[in-house]
Amino acid sequence: MGLVDLITRVDSICKKYEKYDLDKQREANISGDDDAFSRLYSSFESALETLLQKTEDFSSETNRAKAVAMNAEIRRTKARLLEGVPKLQRLALKKVKGLSHEELDVRNDLVLSLREKIEDLPEGSVPANGWTASTSYTNIRFDANLSDDRVDSEYFQRTEESDQFKQEHEMRRVKQDQGLDFIAEGLDTLKNMAQDINEELDRQEPLVDEIDSKIDRAATDLKSTNVRLKDTVTKLRSSRNFCIDITLLCILLGIAAFIYNSVK
Amino acid sequence: MSSDPEKMMSKADKMTKLTLTRWSADWRGATELYEQAANGFRASSKYEKAKVALEKASKGQEMQSSPWDAAKHMESAAALAQKLSIWNEVADFYRKASELYVECGRAQPASDALGKAARALEEVKPEDAIQLYTDACEILEEDGRDQMAFDLYRACASVYIKLEKFADAATFFLRLGVAADKCDATNSQCKAYLSAIIVYLYGHDLKQAEKCYNDCSQIDAFLKSDQNRTASRLLTAYNEGDIEEIKKVACSSTVNNLDHAIIKLARKLPTGDVTAVQMNAGDDLDEDDLT
């Protein structure tokens, strides 16, 4: 039989004899088989574990988009957990047979500590940049929501790393601002030049049109003159006509001379 | 033909004088002689005589009903007069040339002639220069070629600024604005208005500047422009007496795109720190009066 079949078979056998699996039973025991509270509590704890893991991944995440997505997910999970905590609290207060008073109090404390732990989860050390809507179209301000006092206070969990990160972030922001100012100046100059060029072109348009029409007229004049000149020159140069003229003239002169001689 | 320009001159003079033997002056021949004589004089650097020759040549052309050539000769005569620094002749010749050009129906060369005259007289007789500039602008406006007038307006305003007549300079900038409005040259228009406001501020006239700003804000094109923002920043800085802000605005790129003369004024702008503070004190007093 094939490998796949083997695997499916093994799986089904395992499932059948699960109750004989000691490790699993122990886990199930630990995870509170007797009441709902323990079960819910353990589920909360596991969720918290995964969330902590995620925050650690997040702080080491370099890809900004992924970081943002992670951040969002962390926040979502956190909100869900916080919602579930009251339910847990109610369960904790319910009396369950087989449990002493102290254990009941312990459970209450556990719930409260769980809640604190959830709330303490940092939502990420990079605050979102606030883009304020501007009334005047040029008043674009960045980082309006980020005020330094919030960052300095204990709003965020402070570690050495996060402090360094914050400083670096500040420095980079300052450099970015400088760069942007430089670009803005250059753009201003460009804009001014472009507008001046625009006006200059507007100014020169009718002049160029005038030149155009004048040159057209001159060109047509030249063409007609050329044609006439050509006609005249061909007429002159046409040697046949010329020779005929000369010979006829000579003949005339000869005849005149002959007549003159004969009359004399 | 004698190559001596003097002889040519005398010959041409004789041709134009009416005597018993000569009943009508021979302007054509005379003009030719005059032109040749002028060239001869110019070659030998006798500018005074060349100028006289050109004058007479121009007269000859006028008699022959060719105002264009006449105007051209007049301009050359005026240029020579400029070299010789005979200023009133410069103005007269250029004016005559301009009139002749107008006779030809060519407004642009006419105003160019007046412009050249004005530029020549800027240093020496600024009032005359201003008059010439104004006339040149009028000629262009009558012909409907406002766009060519921009440069003339700007030059005229800078002459006024040199004479420290700031109100007049600002008026000229506003006239520039009107001309620009007719041709839809919004950039020049806005720059003209901003220049006017700066000139008023330089002349310690905050009220006028504010009035000017309010008037200009009625105009759409100005309202939507960079220059509008710069002007409002400047005026608020003045009202608050904030010298740092004034200096910052004066060095901003919008101001750097204006005319050279205006940039110099803007750099010097908080003209006396006292004025800014005084304005402030004045405002305080008003508030007290109201309460």
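Being a predicted model, the structure only gives us computed values, none of them experimental.

The rules behind these values
- Residues numbered from 1 in each chain as written.
- Chains lettered and ligands numbered in written order.
- Predicted model: local features only at pLDDT ≥ 70, side-chain atom pairs only at ≥ 80, totals over all residues.
- Heavy atoms only, no water.
- Axes fitted to C-alpha atoms, helices over the stretch in contact; angles between N-to-C directions.
- Helix = DSSP H or I, 4+ residues; strand = E, 2+ residues; numbered from the N terminus.
- Parallel < 35°, antiparallel > 145°, perpendicular 65-115°, else oblique.
- Left-handed = near helix turned anticlockwise from the far one by under 90°.
- Contact = heavy atoms within 4.5 Å.
- Nonpolar A, V, L, I, M, F, W, Y, C, P; charged D, E, K, R; others polar.
- Phe/Tyr/Trp six-rings, centres within 6.5 Å; stacked < 30°, edge-to-face > 60°.
- Buried < 20%, exposed > 50% of the residue type's maximum accessible area, 1.4 Å probe, protein only.
- Buried area = accessible area lost by both parts, 1.4 Å probe.
- Salt bridge = Lys/Arg side-chain N within 4 Å of Asp/Glu carboxyl O.
- Polar contact = N/O pair within 3.5 Å; in protein donor to acceptor, adjacent residues only side chain to side chain.
- Expected span 1.5 Å × (residues − 1).
- Arc of directions from axis to C-beta.
- 1 Å grid on protein atoms, 1.4 Å probe; cavity = no way out; pocket = protein on both sides within 12 Å on 5 of 7 lines; lining within 4 Å.
- Points joined across faces, edges and corners; volume = space filled by probe spheres on them.
- pLDDT = per-residue confidence, 0-100.

Enquirer: How should the packing of helix α9 (residues 166–182) of chain B against helix α10 (residues 186–202) of chain B be read in this particular structure?
Expert: Pairs of packed helices are described in terms of their axes, by the angle between the two and the distance that separates them. All names here are of chain B. It is the contact of α9 with α10, at a shortest axis distance of 8 Å, that shows an interaxial angle of 170°. In terms of orientation, α9 and α10 fall into the roughly antiparallel class. Crossing geometry of α9 relative to α10 is assigned as left-handed. Between α9 and α10, the residues in contact are Phe166, Ala167, Ala169, Ala170, Phe173, Leu174, Leu176, Gly177, Val178, Ala180 and Asp181 and Ser188, Gln189, Ala192, Tyr193, Ser195, Ala196, Val199, Tyr200 and Tyr202, respectively. Its residues placed into classes, the contact of α9 with α10 shows 15 nonpolar, four polar and one charged.

Enquirer: Please clarify how the packing of aromatic side chains should be interpreted in this entry.
Expert: Any two aromatic rings considered together are summarised by their centre-to-centre distance and by the angle between their planes. Residue and element names in this part refer to chain B. Counted according to the given criterion, the structure contains six aromatic pairs over all chains. With centroids separated by 5.5 Å and ring planes inclined at 40°, the aromatic side chains of Tyr160 and Phe172 adopt a geometry described as tilted. Of this pair, Tyr160 sits in helix α8 (residues 149–162) while Phe172 sits in helix α9, and the two are twelve residues apart along the sequence. Exposure class is identical for Tyr160 and Phe172. Each is buried. Taking the centre distance of 5.3 Å and the plane angle of 80° together, the rings of Phe166 and Tyr202 count as edge-to-face. With Phe166 in helix α9 and Tyr202 in helix α10, this pair connects stretches of sequence that are 36 residues apart. For Phe166, a relative accessible area of 16% translates into the label buried.

Enquirer: Explain the interface of chain B and chain A here, please?
Expert: As a measure of interface size, the accessible area lost when the parts come together is often cited. Facing the 16 residues of chain B at the interface are 13 residues of chain A. When the two sides are added together, the surface that chain B and chain A hide from each other amounts to roughly 1300 Å², 33% of it contributed by carbon and sulfur. Together, Gln147(B), Asn187(B) and Asn257(B) form the three largest contributors to the area buried by chain B at its contact with chain A, with a combined 35%. Counting across the chain B and chain A interface gives four salt bridges. Across the contact surface, chain B and chain A share twelve residue pairs in polar contact (both at pLDDT 80 or more).

Enquirer: It is not clear to me how the side chain of Ser98(B) should be interpreted in this structure. Could you clarify?
Expert: Looking at the secondary structure, you find Ser98(B) in helix α5 (residues 87–104). Apart from the residues lying within four places of it in its own chain, the contact partners of Ser98(B) are Ala110(B), Ala113(B), Leu114(B) and Ile139(B).

Enquirer: What is the right way to read helix α11 (residues 206–217) of chain B from this model?
Expert: Think of an α-helix as 3.6 residues a turn; residues three or four steps apart then line up on the same face. Residues and elements named next belong to chain B. If you check α11, its first and last C-alpha atoms are 16 Å apart, about what twelve residues at 1.5 Å a residue would give, namely 16 Å. Of all the residues in α11, the buried ones are Leu206, Ala209, Cys212, Tyr213, Cys216 and Ser217. Down the axis of α11, the buried side of the element spans an arc of 135°, and every buried residue falls inside it. Seen from the buried face of α11, the exposed residues on the opposite side, beyond 90 degrees, are Lys207 and Asp215.

Enquirer: Is there a simple way to think about the layout of surface pockets in this case?
Expert: Gaps left between atoms are located by rolling a probe of water-molecule size over the structure's atoms. Here the second largest pocket defines a volume of roughly 450 Å³. Considering the residues around the second largest pocket, the lining is formed by 15 residues, among which Ala184(A), Asp188(A), Arg233(B), Ser253(B) and Thr254(B) are closest to the centre. Counting only elements with at least two residues in the lining of the second largest pocket, the list comes to α7 (160–237) of chain A together with α13 (226–240) and α15 (253–256) of chain B. The element that contributes the greatest number of residues to the lining of the second largest pocket is α7(A), accounting for six residues.

Enquirer: Whenever I open this one, the confidence of the model for chain A confuses me. Can you help?
Expert: Do not read the fine detail of predicted coordinates wherever pLDDT is low. All names here are of chain A. Considering every residue of chain A, the mean pLDDT works out to 78; 74% of them sit at 70 or more. Across chain A, α7 holds the top mean pLDDT of 92, while helix α6 (residues 148–152) sits lowest at 56. In this model, residues 124–136 is a region of pLDDT below 50 whose contacts with residues beyond four sequence positions or in other chains number 19 contacts.

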